[in-house]
Amino acid sequence: MTATRLRVAGELTVPGDKSISHRSLICSALGEGTSRVRSILQSADVHSTAGVLRALGVRVPPLGDDITIEGVGLRGLRDPASDLDCGNSGTSTRLLAGVVAGSGVTGRFVGDASLSGRPMRRIARPLAAMGATVELPDHGGLPMTVRGAALRDVEWVNETGSAQVKSCIMFAALCGGVEAKIIESPRSRDHTERMLASQGVDVWVNDESVLLHPASRLAPLDVTVPGDPSSAAFFAALAALAPDGELLLRRVCVNETRTGFLAALREMGGDIELLDRERLAGEWVADVAVKGGRMLRGISIGREAIPTLIDELPLVACLAAYAEGETRVTGAEELRVKESDRIAVVVGNLRALGADADELPDGFVVRGSAPTLRGRVVTHADHRMAMAFGILGALPGNEIEIDDRACVAVSYPAFWNDLSAVTGS
Ligand code: S3P
């Protein structure tokens, strides 16, 4: 059931990981001395984090391939003179809310229509338990005012399984000089833990919790941001769907809290190899080789695996339309509160184009039939929706128009160019 005539071949270096890029700016800003960050993702979301840090008094240079940042230390932030505009970025909002809460400053977080509707009580509650004041509108989104204060130790159960909530609490504790224990199962992405540990913070991790001890200072950072596995996933999917060719995705982050999509694609029958695996500044990196020409089959993905591929699930739904049998994803209700309601939006678009898909309260079911898809995708300005359907649009025979191609700027500004490059179109 692979598409005909498509050949996806060559090498591609996808842009830097978004999660690590946000954290590299924040951790550099809070460090003492000069930090160096190479290959940072230069996308709208990361610009939002840079802008908020500037408003808080950090001299963040324009983003580039190799930047240095003078840290202000753990007590060096100042009250902002303007609102803290996070654009479309939930990661900027939630991580920096923790920074503000622990730093004794006051900030009012604002964002675009999508971000303003996303749930912030999940961070307001632990920050309030630590002693900060958080003011939210009745709908629980933005604008959100965070007033820092002297904080106290916290132990928090991370019920949503969100790495953003975990990192918010960790940054609040770090800046506030207190201890934080966060209990979560399954584990969410652990980039904050890894980066802070590399800067000398005492962070203990086991299967169900993270414990951060108070730190008096943060050493400067020296990091090369690896390629984003959530961006690489689009091209891994396309290469697997192609009847011919081999694509090498260079220097991708293969941290095991992020490799769920590669595992799922392999389980579907995809031919994937990890080459030259090495550890770089606390993160595992490898080249990912994907060959086409295999028949894919439907699989089931349940709650335990969800955090490891949460951002790739719209792509899983799209890929499943070309896999034999049924693909079922459950335990993924968090998808409803992402940049869009990703369950409703992906299923609605698949059905409108002619695929066989149904919503579940906490996921979706797609019955693969290798359909010829025609029509217009309504992205709701959700970057991952535009890219997932962009991949289906590259399959011969499909005629898919994307209503907002420009929204890919949130995480992958060069996506359409890279898509043309690997398909030779
Ligand atoms: C992120 C965590 C995930 C992910 C988001 C980035 C992060 O969100 O969806 O794109 O950098 O911590 P949640 O932790 O809220 O699930």
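All values reported here derive from a predicted model rather than from experimental measurement. (Residues numbered from 1 in each chain as written. Predicted model: local features only at pLDDT ≥ 70, side-chain atom pairs only at ≥ 80, totals over all residues. Heavy atoms only, no water.)

### Let's talk about the pairing of strand S15 (residues 283–291)
Most of S15 is tucked away: seven of the nine residues are buried. Bridge count between strand S13 (residues 246–253) and S15: six bridges; the pairing is antiparallel. Its bridge partner lying in S15, leucine 249 is registered against valine 288. Bridging between strand S14 (residues 271–280) and S15 involves eight bridges; their strand directions are antiparallel. (Buried < 20%, exposed > 50% of the residue type's maximum accessible area, 1.4 Å probe, protein only. Helix = DSSP H or I, 4+ residues; strand = E, 2+ residues; numbered from the N terminus. Pairing = 2+ DSSP bridges.)

### Some words on the sheet that holds strand S11 (residues 209–212)
By definition, the strands of a sheet pair up through backbone hydrogen bonds, in either a parallel or an antiparallel sense. Strands sit in the order S8-S9-S11-S10 across an open sheet of four strands; the sheet is mixed. Strand pairing shows two members of the sheet lacking a second neighbour, strand S8 (154–157) and strand S10 (203–205), which therefore form its edges. On average, each strand axis in the sheet is inclined to that of its neighbour by 10°, with strand direction left out of account. (Axes fitted to C-alpha atoms, helices over the stretch in contact; angles between N-to-C directions.)

### Quick notes on the environment of glycine 424
Mapped onto the elements of the fold, glycine 424 is located in the segment after helix H13 (415–423). Along the backbone, glycine 424 and glycine 57 are 367 residues apart, and their C-alpha atoms lie at a distance of 45 Å.

### Re the packing of aromatic side chains
Here the structure, examined in full by the defined rule, presents five aromatic pairs. A centroid spacing of 5.6 Å and a plane angle of 75° characterise the contact between tyrosine 412 and phenylalanine 415, whose relative ring orientation is edge-to-face. There is no split in this pair, since tyrosine 412 and phenylalanine 415 are both buried. Measuring from ring centre to ring centre gives 4.9 Å for phenylalanine 415 and tryptophan 416, while their planes differ by 75°; the resulting arrangement is edge-to-face. Residue phenylalanine 415 is classed as buried on the basis of its relative accessible area of 0%. (Phe/Tyr/Trp six-rings, centres within 6.5 Å; stacked < 30°, edge-to-face > 60°.)

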